[in-house]
Structures are given as structure tokens and as C-alpha cells.
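Summary of the model geometry
Below are the chains, spelled out letter by letter.
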2 protein chains.
Amino acid sequence: MSAAPPVAVLGLGLIGGSLVRLLTARGVAVVGTDAAPATREAAREAGLRVADGVADAVTGADVVVLAVPLRAMRAVAADVARHLGPDATVTDVGSVKAPVRRALEDAGLGERYVGAHPMAGTEHSGFGASQETLLDAVAWAVTVAPGTDPDRLAGVLRLVTGPLRGTAAVLTDDQHDEITALVSHVPHVVATQLLNAVATAPVRDAALGLAAGSFASGTRVAFTDPARTEAMVGENAPWVAPALRKVVRDIEAVIEALEANGGAHEFFHAADPVRGTWSPGGRAPVQGEHEQVPLSGDWPGMLVDRCAAGAVVVRLTEDEAELRLPG
Amino acid sequence: MSAAPPVAVLGLGLIGGSLVRLLTARGVAVVGTDAAPATREAAREAGLRVADGVADAVTGADVVVLAVPLRAMRAVAADVARHLGPDATVTDVGSVKAPVRRALEDAGLGERYVGAHPMAGTEHSGFGASQETLLDAVAWAVTVAPGTDPDRLAGVLRLVTGPLRGTAAVLTDDQHDEITALVSHVPHVVATQLLNAVATAPVRDAALGLAAGSFASGTRVAFTDPARTEAMVGENAPWVAPALRKVVRDIEAVIEALEANGGAHEFFHAADPVRGTWSPGGRAPVQGEHEQVPLSGDWPGMLVDRCAAGAVVVRLTEDEAELRLPG
């Protein structure tokens, strides 16, 4: 573990704070900072190493993690570019990837950048909600572009699969952003719609009294901070909007079937192949085989091919990536 | 408890079987029957009193509960009409109410009928899945029409709030059917769409590997038997279709806002008044006050007014209904 390179984490909210806590616990040299003095103070009181600003935090770091809100990414990237050491790699934990890459390219850091997104969170935010366990052994998406430096990718994968004990799906930015639209942003929008429909109905009070089961699970995420949901959905608008158009088309087909007194058999059974292999409590215990991919040639491209088909990186040695194939 | 009138339950599936088990445990005289000999045999082996056919079951019953699938309701109602005692009341446990009332009216039983629907279930079906606890102390909807006999309504309310220990929201059929569209049927359709969208996407395998939180809860009910969901949605088509049209309109407004790079602030905050008072884990512990409504004049109409505003009947004495008002 002590072989892990020094890490700087910029932004000590829910994710940044949890990351510093976990890396500290694993013995990785890590320093954090935050724009808010009160947050820096709270992090120090929690026993973490905290710098007073970006310049101090970034100096001497081999990996810099941007854990600031998306709207701050552009300004912080410019600040980072002024202080970054010549070999340091930049990554992030943002929930969309293409806009972050554009911000870093505009700051002249495109060739240093490897995208990352831990698939974990809670309905809370801020350092006060951060926990050492939140990012322990979770699934990450790690994103690459055609110009991504393989050594920098290897460095991020070693951090994720080493001290952080996670798995990594190596994807393109677009694959990642489409996936998060489908598995997170669109579900947040439709949960909000389900809740709105009852909240604004004349039968609201009786409906809430009788609601249970399907309404409770269907609206669960609509009870998280709606301002945060609005921001998250807006940041991934290029993928969320077309995915919502598909929602509209699919629902319109169901309406037509209902109004024609016909069946919507195809709609209700379209996901039958998935029903046997995935469950909403998480995937069934993974029994998939492992595969070794040598870190030579276009190995990043090979990882993207494998991960698009459901494989994840579980370990990186000096010269091989170990993949777990879908079970 | 022994004062409860003898009950016959026709259909011993998940709900009918659970109802006979619970009434038996509470010391109510109850007999069940089912069209399937194997189901009758299983119910007898479970220690329940079982008749071999509708005629035997119905004879001597003061309350007859139709617990057969909706598609069988019409035929069973005609059979019941041939054997029913002159004073017996007919009720049911169907998940839609207006079509059941029409079936009973066509069988000449409209004046005997009070609708009922326990808001409970599991993803399983059949007598093998029935349990004594499933319908214990649950929320019921009890539905009335302008011609409903107040004494028959009182009888059903006494059964629900007495030996079954439940609460009852007294509603019109239309209120009930709109509410179940909003809190159950539409949530099932959109959960199915969320699952379909991922199941049919090129990024499916990577998406399922990264899916968690919002996707898991948003699709939970899409993992129940899709054929049963299709039937349930189709049976309430007159209310589900317009509710789905509202889904389409609302989602289209979000798409337009996203594509115009504008905010969808109103959409994301429309349910703010509800966020503080209801939670998907069920309503906060009810602190509402109680109100006594004398069983005189148009007391059924008064209960409908109160229940549409969120009140529920918790007890019926000889001359009063006790309501719990929303907290």
C-alpha cells in the first residue's frame, strides 16, 4: 500500500471527504483541501491532512482528484494547471464525464486526464456526511479517450483496484454518460414524475394514505434533494433528453395498446432475458471467469471492448490487467 | 369476535387464502372454496374449512367475498346469484372496482354489493403463497355507489376494522380506480420501461454492472411476474391510460427544458409540499385526531368526503363510525 503515489483531493464534500478518509485509513499519502474554511477545519478535526489551498495541495502530488461540483470544475482545473507537477495525473469523481474532459482540455490538461466515477452515494451531501466506508470496495467507471496515456490509466486503475479495493469498468466518456442517464438520471426523473402526479392530484390525500409497495420504491429517489437532482440531470442533458424521448415513445405505445383494448405483451416482456440474470438487490453473486490482458499494444482499447460487454478490472500487476468477465 | 357473521370466500389464491387463514385465526366462522380441486385440498390440509363448490360455500353465509381473478368475476357472480341467501352481502378483494360493480349489477347483485380492496400483496401468487399475516391490520379501500345499502356498508366496515384489524378508506369506485392507477399501475409501467430501456440498450451489460441505488428501486416491481402486471394494468385501462398521458406530457416538458438549456425547476419542486409529510417508508406515525360520525342520514356520503381528504375509518360501533383524520 505504501507504494501508492501521493494523492491530492480537491473538494471535501460527500465523495471527496469519503475518499480522503478511505485513502488515509489505507496508509496512502493523501492531502485534501476545500474552498470553504469551515470544511477544511472539520476535516482537520477528523484527523485528515488538509492544505489551505489548491497550490499547496497539488504540489508534490502524483495524482490529483477533482472532487468539486461540476460547475466549479472549469475554474479549479485552471487553478490546478498553474501548480501541477510535470508528471502528475489528473482524475475526478464527477457523475458525468464528457463535460469534465472538455473543461480539462480547455485548461491544457487533456493529456493528463483519466476520468473516474465511483458508483456510490447517499441522499446526503457535504463533509459531515462523508464516511470511510462509502467508497470502500465499490464499482467505479474509469473513462478514456483516444489520446489517453496508458501509464496514467494504469495509475488510476491501480489506485481504484488497490488501496480502494474497487472494481473498474473502463469505458468511453459517451458510454459512461449514456449508462448513467439510463441507470440513474432517467430513474430520478420518472420517480419525480410519479410523486408529482400524486402530489398534484385531487385524490392526493387518500392516495398517499393508500400508497405502499410499488409507489414507495418507485418514488424513493424523488425524496432526495430535488435541487441536486435537477443539477445532476441538467449536467447530462445530451444523454438524458434522448433517453427521456424513448420513455415517451415507449409509454405512448402502451397507451395506444390500452386504448385499442389490445395487449402490450411485447412491452411487458421486453426485459425477460434480463429478469433471470440481474436482480434489483444487486447482481447475483458473480461467478464469472477471470481473464488476463497484457499491458501492451492498445490494451486500453481492449479493456473498453471487454468492459462494454460487462467485464470489470479487478487487479493490475506490473504487466497485466486481471478482468472478471460477466457471470 | 364471535359476533361476526359467517363469511364465505370464493377463490383461495394469495388474497383469498390469506383472508380465510386470518378470519379462521380470529375465530370468525368462514368457509372457502376454489375452482381447482388441488387448491381445495391444500387449503383443507392447512386446517381450513373448505366447501366443494360455490353453492355449498355460499349457503348460510352472511357475507360472500369474491376473491377470484377479475376475468372470472362475471361467471362467478352469476353462479353466486343462484345460491345466495336473501339477506347476504357480496363484497370482493379485486384491485379495480368499477368493472367488478358492473359485473355484479349484470348478475342482479348490484344492491347487495360493497366493494373492497386490501392494499397488500407480494410478488407471489396462489394458495401456496398465502399467509395469515398478509392481510392483518392493513389499509383497505371500501367502495360505494349512490345506491349502496348503508347496513351492508356497515357490515363490511365492521369486518375490516374488527377481526381483520384494518383501516378503511371509504371511496367511490372512480376515486379508488384513479388512486390505484396513480400509486400502483402507472408505477409498474414506468418501472417496466426503465428496465426495458437498459435491457435493450447496446450498453446493457456494462450498465447492469454499474446499476445500483436509483435503478434498483426504480425497477423493483418490474421483476414481479410481467404477465400479472400486464393483466392488472389492462383491467384498469380507463384510468391508467390518461395517467400515462400525463407522464408523457410531464416528461416532454422536461425534455424541452433540457434541450433549451433551461431549468425544469417547477417539475423538480412540484412535490415539495408532500416531501415533508409523506415518506416512501410509509407515512410518518399518524398523530391525526379522531372524529366520530353518527351512522344516520347520508353517513356513507359523509365518510366519502372525509376519506377523500385522507381520513380512514378505524372502528364502527352500533351507532358511530370512528375516523382517524390525516396527521
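Computed from a predicted model, the values in this text were never measured in an experiment. (Residues numbered from 1 in each chain as written. Chains lettered and ligands numbered in written order. Predicted model: local features only at pLDDT ≥ 70, side-chain atom pairs only at ≥ 80, totals over all residues. Heavy atoms only, no water.)

The next point concerns the sheet that holds strand S1 (residues 7-10) of chain B. Residue and element names in this part refer to chain B. If you walk across this open sheet you meet the four strands as S2-S1-S3-S4, and the pairing is parallel. Looking at which strands have only one partner, the edges of the open sheet turn out to be strand S2 (30-33) and strand S4 (89-92). On average, each strand axis in the sheet is tilted by 20° relative to the strand beside it, whichever way the strands run. Relative to S2, S1 is paired through four bridges, and the arrangement is parallel. What sits directly across from Leu-10, in S2, is Thr-33. Running over the sheet, helix H4 (residues 70-83) touches S1, strand S3 (63-66) and S4 and is turned about 160° from S3. (Pairing = 2+ DSSP bridges. Helix = DSSP H or I, 4+ residues; strand = E, 2+ residues; numbered from the N terminus. Axes fitted to C-alpha atoms, helices over the stretch in contact; angles between N-to-C directions. Contact = heavy atoms within 4.5 Å.)

Right, let's talk about the domain arrangement of chain A for a bit. Residue and element names in this part refer to chain A. Its domain assignment divides chain A into domain 1 (7-173 + 283-324) and domain 2 (178-275). Relative to domain 2, the C-alpha centre of domain 1 lies at a distance of 31 Å. Every contact between the two is made by 11 residues of domain 1 and, on the other side, eight residues of domain 2. Three residues stand out in domain 1 for area buried against domain 2, namely Ser-95, Val-96 and Glu-123, and they jointly supply 46% of the buried area on that side. Run the count over domain 1 and domain 2 and you get zero salt bridges. Of the residues contributing to the side of domain 1 that touches domain 2, the split by class is five nonpolar, five polar and one charged. (Domains from an automatic or database assignment. Buried area = accessible area lost by both parts, 1.4 Å probe. Salt bridge = Lys/Arg side-chain N within 4 Å of Asp/Glu carboxyl O. Nonpolar A, V, L, I, M, F, W, Y, C, P; charged D, E, K, R; others polar.)

On to the side chain of His185(B). Residue and element names in this part refer to chain B. Examined against the element boundaries, His-185 turns out to sit in helix H7 (residues 173-199). Take His-185: its relative accessible area is 1%, and that puts it in the buried class. Polar contacts involving the side chain of His-185 include one to the side chain of Asn-236, which spans 3.1 Å. Beyond its immediate sequence surroundings of up to four residues, His-185 is in contact with Ser-95, Val-96, Thr-180, Met-232, Val-233, Asn-236 and Val-240. (Buried < 20%, exposed > 50% of the residue type's maximum accessible area, 1.4 Å probe, protein only. Polar contact = N/O pair within 3.5 Å; in protein donor to acceptor, adjacent residues only side chain to side chain.)

What follows deals with unusual backbone geometry. A positive phi angle, close to 55°, is found at Arg165(A), a residue other than glycine. Given the relative accessible area of 47%, Arg165(A) is considered partly exposed.

Every contact between the two is made by 88 residues of chain B and, on the other side, 88 residues of chain A. Between chain B and chain A, a total of about 7,800 Å² is buried, with carbon and sulfur atoms accounting for 74% of that surface. Together, Leu210(B), Phe268(B) and Trp278(B) form the three largest contributors to the area buried by chain B at its contact with chain A, with a combined 10%. Our count for the chain B to chain A interface comes out at two salt bridges. In this structure, Arg245(B) engages Glu259(A) in a salt bridge whose closest nitrogen and oxygen atoms are separated by 3.0 Å. Linking chain B with chain A are 20 residue pairs in polar contact (both at pLDDT 80 or more). Looking at the side of chain B that touches chain A, the element that brings in the most residues is H7(B), giving 19 residues.

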